[in-house]
Amino acid sequence: MIGLVQRVSSASVRVGGEVVGAIDTGLLLLVCAEHGDTPAQALRLVDKVLALRIFADDGGRMNRDLRQVGGGLLVVSQFTLAAELRGGNRPSFDGAAPYETGRGLYEEVLRLARERHAPVQAGVFGADMAVALVNDGPVTIPMKF
């Protein structure tokens, strides 16, 4: 399972011109399930994201996690994180999980995140989405489980 976390001042996702999820200060999490991924990996991803100490403390050091700052979490599926480029300039996405498996694992990430944190907003799996964000820092962290 691949995750890409961005610390944001704000982020939103639109489907068909309609905002389906939006947060202010918090984290944007892009998620990609790969072949062979399991719900256990979804759990490790969610737990790691929620525990990341990437928000400033009173001294300006990255030392606080999402819960400590009361931030939001916006979770968006993005199969293109599985892009493979070794064969040329046209990405292959063969490493991404099949649609139904990917959807199930994305929904598991959302379920786990919502059990452990609020607010959690989400995109729409498989939809053509427009994601807008103001990356704070910038802080962007790739993760693979």
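Residues numbered from 1 in each chain as written. Predicted model: local features only at pLDDT ≥ 70, side-chain atom pairs only at ≥ 80, totals over all residues. Heavy atoms only, no water.

### With respect to helix α3 (residues 99–116)
Move 1: Compared with the 26 Å implied by 1.5 Å per residue over 18 residues, the 26 Å span of α3 between its first and last C-alpha is a close match.
Move 2: Looking only at α3, the buried set comprises G102, L105, Y106, E108, V109, L110, L112 and A113.
Move 3: Of the surrounding elements, those touching the buried residues of α3 are β3 (26–32), α1 (39–51), β6 (72–77) and β7 (120–122). (Helix = DSSP H or I, 4+ residues; strand = E, 2+ residues; numbered from the N terminus. Expected span 1.5 Å × (residues − 1). Buried < 20%, exposed > 50% of the residue type's maximum accessible area, 1.4 Å probe, protein only. Contact = heavy atoms within 4.5 Å.)

### Quick notes on the pattern of salt bridges
Move 1: Taken as a whole, this structure holds nine salt bridges when the rule is applied.
Move 2: Here E100 and R103 are joined by a salt bridge, their closest N and O atoms 2.6 Å apart. Taken together, the positions of E100 and R103, both in helix α3 and three residues apart, correspond to about one turn of that helix.
Move 3: Across the pair E108 and R111 runs a salt bridge, and its minimum N-O distance is 2.8 Å. Taken together, the residues span about one helical turn, with E108 and R111 both in helix α3 at a distance of three residues.
Move 4: Here the salt bridges do not stand alone but share partners, grouping D47, E108, R111, E115 and R116 into one network. (Salt bridge = Lys/Arg side-chain N within 4 Å of Asp/Glu carboxyl O.)

### Observations concerning the environment of I141
Move 1: Relative to the helices and strands, I141 is located in strand β8 (residues 129–144).
Move 2: Using a relative accessible area of 24% as the deciding quantity, one classes I141 as partly exposed.
Move 3: Taking the C-alpha atoms as reference points, I141 and G104, 37 residues apart in sequence, are found 24 Å from one another.
Move 4: Non-local contacts of I141, meaning those with residues more than four positions away in its chain, are made with G3, L4, V5 and I54.

### Examining α1
Move 1: Here α1 contains 13 residues, and its C-alpha end-to-end distance of 18 Å stays within 8% of the 18 Å for a straight helix at 1.5 Å per residue.
Move 2: Buried residues of α1: Q41, A42, L45, V46, V49 and L50, and no others. Projected down its long axis, α1 carries its buried residues within an arc of 160 degrees, all on one side.
Move 3: In this structure, the buried side of α1 is in contact with β1 (2–15), β3, α2 (66–69), β6, α3 and β8. (Arc of directions from axis to C-beta.)

### Examining the nonpolar core
Move 1: Core analysis: the biggest nonpolar cluster contains 28 residues, and L29, L73, V75 and V109 have the highest contact counts within it.
Move 2: Looking at this core, the elements that each hand over two or more residues are β3, α1, β6, α3, β7 and β8.
Move 3: The greatest single-element share of this core, amounting to six residues, is contributed by α3.
Move 4: Once residues lying within four places of it in the same chain are set aside, the contact partners of V109 are M1, L29, V31, A42, L45, V46 and V75.
Move 5: Membership of the second largest hydrophobic core comes to ten residues, among which are V8, A11, I23 and M129. (Core = buried A, V, L, I, M, F, W, Y, C linked by side-chain atoms within 4.5 Å.)

### Looking at the environment of Q121
Move 1: As for its position among the elements, Q121 is in strand β7.
Move 2: For Q121, a relative accessible area of 28% gives the class partly exposed.
Move 3: C-alpha separation for the pair Q121 and T140, spaced 19 residues apart in sequence, amounts to 19 Å.

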